[in-house]
Amino acid sequence: MGLQAIFFYLFAFIAVASAFMVISAKNPVHSVLFLILVFFNAAGLFLLTGAEFLAMILLVVYIGAVAVLFLFVVMMLDIDFAELRSGVLQYAPIGMLVGLIVAAELVVVIGGSVLTPEAAKAVTMPIPNPASRTNTAALGDVLYTNYVYFFQIAGLVLLVAMIGAIVLTLRHRTHIKRQDISAQVARTPATAVEVVKVKPGQGV
Amino acid sequence: MDSFFSIYVWPGIIMVAQSLLLLVCLLVFIAYILLADRKIWAAVQLRRGPNVVGPFGLFQSFADLLKFVFKEPIIPAGANKAVFLLAPLVAVLLALSTWAVVPLADGWVIANINVGILYIFAISSLEVYGIIMGGWASNSKYPFLGALRSAAQMVSYEVSIGFVIVTVLLCVGSLNLTDIVNAQHDGLGTMMGLPASFLDWHWLALFPMFVVFFISALAETNRPPFDLPEAESELVAGFMVEYGSSPYMMFMLGEYAAVCLMCALTTILFLGGWLPPVDIWILNWVPGIVWFMLKSMLVFFMFAMVKAFVPRYRYDQLMRLGWKVFLPLSLAMVVITAFVLKLMGWA
């Protein structure tokens, strides 16, 4: 017991309570804001376990980028949520099934480590002494030396996904005027101005 | 009981006292930064600026504070009340909480954490929420448009700020802000055989990144010429249209706290933090906090001059600059820096 335990229960309680609010809030924007609170408290829990790098990455990636886009989409969409909510009970069996599967998996994982504690000790990678190594350096070592090919493959998969999204949404519209900054900068009086001799009374 | 006191209560009291001291000094500093901003702007336009309250208008910010606090806060009827009031609170709390890890001088830091720079990056990426929440909760067109613009702008420029930070981290090899400053004791200048001086700081070795960081910092904090979220000729006051009195003041406070943080961050990453410009005894004798403040104020002076000189960007030009110029440039610099460090054996 100590500060650690107090903070653990604080973060855990707020995380669970706001996770409940995510699914029960009437306003979808409030749901997303509660989701952000869940992420924030999860980052706090990471900090308590000493995974400071993961905690900060959770803040940067999930809250700073993913949740912003989420909030954008929810704010921009014009959805009648009362109508959407009316049929919510017919999905309850599927939701319960998913919940049951997750719960069963959790039981298997926790039960396994309780029944055979020696299995949990047989890790494939030696864990460096946490006092001598910051976890940023430790993660970097593992990710970029031991698993560098998998890392590159993951990058390639993301690249393909990104190109796919661009190809799907790219439209070349012909009637649109675009700004070409290099063309603007390259303009000189010689290319931009034409001097015309105008006779009196005739116009150009 | 004795150990309980020495483990929890006493360090807790010290930490609270340090935080309060930093907070009070920071708020007074922000009050004068605000005045300086207005004075510099006025000087460029050959005006006098605020000069009525106190000698040379020195108490202007405090008069403004009192005025805002004593006004009646007005909440629009259609607004989402809770989010509407939460938004300025989020903005100011996040902006002030980043200061916990900023080292003002050698050892003068409240939380000297290993991932200090990531913490600052993370918290300042959250500042966009104050703006989005404020814009949405106002339930009005201009605030919403301003909030959308602002969110897109901040997310875009965060990417290049992230890559600039990565280049600095490559040179330093640590995410700790104190380590980053201490790594600037020797650098380009000492390699050429000169004594330790301002030539060692990262601004010279990473000059393109220094420029990119400065401009991205302007965009990230919604300062002119990138103040499109509150472009008064188009959006009145952007996401702040519906706000008045104390909530409005909190938005402004959050904005200026973020600006001061960006100045401090530029100082730490590129201008050698609390290190004196030349390593001689009389300059070493000056306390580090003085150098830190002087450098931060120099950076803020540049912020203010940019505000006075440069016309506002068009929105598509802003996005072009962020995604098509700064992103490739900073990405290339990350690769080049990594290669140079590896090939020369400096890493």
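From a predicted model like this one, the values you see are computed outputs, not experimental measurements. (Residues numbered from 1 in each chain as written. Chains lettered and ligands numbered in written order. Predicted model: local features only at pLDDT ≥ 70, side-chain atom pairs only at ≥ 80, totals over all residues. Heavy atoms only, no water.)

Taking 1.5 Å of rise per residue, the 17 residues of helix 3 (residues 81-97) of chain B would be expected to cover 24 Å, and the 25 Å separating its terminal C-alpha atoms lies within 8% of that figure. Buried within helix 3 of chain B we find Val-83, Phe-84, Ala-87, Pro-88, Val-90, Ala-91, Val-92, Leu-94, Ala-95 and Leu-96 of chain B. (Helix = DSSP H or I, 4+ residues; strand = E, 2+ residues; numbered from the N terminus. Expected span 1.5 Å × (residues − 1). Buried < 20%, exposed > 50% of the residue type's maximum accessible area, 1.4 Å probe, protein only.)

This paragraph deals with the packing of aromatic side chains. Any aromatic ring pair is given by two values, namely how distant the centres are and how the planes are angled relative to each other. Residues and elements named next belong to chain B. Going through the model one piece at a time under the given rule, you end up with 18 aromatic pairs over all chains. Measuring from centroid to centroid gives 4.2 Å for Phe-84 and Tyr-243, while their planes differ by 0 degrees, and the two rings are stacked. Taken as a pair, Phe-84 in helix 3 and Tyr-243 in the loop between helix 11 (232-235) and helix 12 (245-270) lie far apart in primary sequence, 159 residues in all. Among the residues examined, Phe-84 registers a relative accessible area of 1% and is labelled buried. Geometrically, the ring pair formed by Phe-207 and Phe-210 is tilted, given 6.3 Å between the ring centres and 55 degrees between the ring planes. In this pair, Phe-207 and Phe-210 both sit in helix 10 (residues 207-220), three residues apart, roughly one turn of the helix. You can call Phe-210 buried: its relative accessible area is 12%. Here the aromatic residues Trp-203, Phe-207, Phe-210, Phe-213 and Phe-270 are joined through ring pairs into a cluster of three or more. Positioned over the ring face of Trp-201 is Lys-295, at 3.8 Å from the centre of the ring. Residue placement shows Lys-307 over the ring face of Trp-41; its charged tip is 4.2 Å from the ring centre. (Phe/Tyr/Trp six-rings, centres within 6.5 Å; stacked < 30°, edge-to-face > 60°. Lys NZ or Arg CZ within 6 Å of the ring centre and 35° of its normal.)

Another point: the interface of chain B and chain A. Facing 28 residues of chain B, the contacting portion of chain A comprises 25 residues. With both sides pooled, the region where chain B packs onto chain A buries about 2200 Å², and carbon together with sulfur makes up 79% of that total. Here chain B and chain A share zero salt bridges between them. One can count five residue pairs in polar contact (both at pLDDT 80 or more) joining chain B with chain A. Every element with two or more residues in the side of chain B that touches chain A is listed here: helix 4 (116-126), helix 5 (128-137), helix 6 (141-172) and helix 15 (315-344) of chain B. Per-element accounting of the side of chain B that touches chain A gives the leading share, seven residues, to helix 4 of chain B. (Contact = heavy atoms within 4.5 Å. Buried area = accessible area lost by both parts, 1.4 Å probe. Salt bridge = Lys/Arg side-chain N within 4 Å of Asp/Glu carboxyl O. Polar contact = N/O pair within 3.5 Å; in protein donor to acceptor, adjacent residues only side chain to side chain.)

All names here are of chain B. Look at helix 5 against helix 6: their axes get within 7 Å of each other, and the N-to-C directions meet at 160 degrees. Classified by the angle their axes make, helix 5 and helix 6 are roughly antiparallel. Crossing of helix 5 over helix 6 shows left-handed handedness. Across the interface between the two elements, Val-128, Ile-131, Ile-132, Gly-135 and Trp-136 from helix 5 touch Pro-143, Phe-144, Ala-147, Ser-150, Ala-151 and Met-154 from helix 6. Here the contact of helix 5 with helix 6 is built from residues that sort into nine nonpolar, two polar and no charged. (Axes fitted to C-alpha atoms, helices over the stretch in contact; angles between N-to-C directions. Parallel < 35°, antiparallel > 145°, perpendicular 65-115°, else oblique. Left-handed = near helix turned anticlockwise from the far one by under 90°. Nonpolar A, V, L, I, M, F, W, Y, C, P; charged D, E, K, R; others polar.)

Our next topic: the state of the cysteines. All names here are of chain B. Evaluation of the coordinates by the stated rule reveals zero disulfides over all chains. Not part of a disulfide, Cys-25 finds its nearest cysteine sulfur in Cys-260, a span of 13 Å. Its sulfur unpaired, Cys-260 is 6.0 Å from the next cysteine sulfur, which belongs to Cys-263. (Disulfide = S-S within 2.5 Å.)

Now for the domain arrangement of chain A. On domain assignment, one finds that chain A holds domain 1 (1-86), domain 2 (89-124) and domain 3 (132-170). Using only C-alpha atoms to locate each centre, domain 1 of chain A and domain 3 of chain A end up separated by 25 Å. (Domains from an automatic or database assignment.)

Next up on the list: the nonpolar core. Residue and element names in this part refer to chain B. Counting residues in each nonpolar core, the largest one holds 117 residues, and the members touching the most others are Tyr-129, Phe-270 and Phe-303. No other element matches helix 12, which puts 15 residues into this core. Dropping the residues within four chain positions of it, Phe-270 is found in contact with Val-164, Val-168, Gln-184, Trp-201, His-202, Trp-203, Leu-206, Met-209, Phe-210 and Phe-213. (Core = buried A, V, L, I, M, F, W, Y, C linked by side-chain atoms within 4.5 Å.)

Residue and element names in this part refer to chain B. A complete count under the given rule lists five salt bridges over all chains for this structure. One salt bridge in this structure joins Arg-223 and Asp-37, with 3.0 Å as the shortest N-O distance. Note that Arg-223 is positioned in the loop between helix 10 and helix 11 and Asp-37 in helix 1 (residues 2-44), a separation of 186 residues in sequence. For the salt bridge of Asp-64 with Arg-38, the shortest nitrogen-to-oxygen distance reads 3.0 Å. On the criterion of sequence distance, the pair formed by Asp-64 in helix 2 (residues 60-70) and Arg-38 in helix 1 is long-range, its members being 26 residues apart. Judged by its relative accessible area of 18%, Asp-64 is buried. Arg-38 sits in the partly exposed class, given a relative accessible area of 33%. When salt bridges that share partners are traced, they join Asp-37, Arg-223 and Lys-307 into one network.

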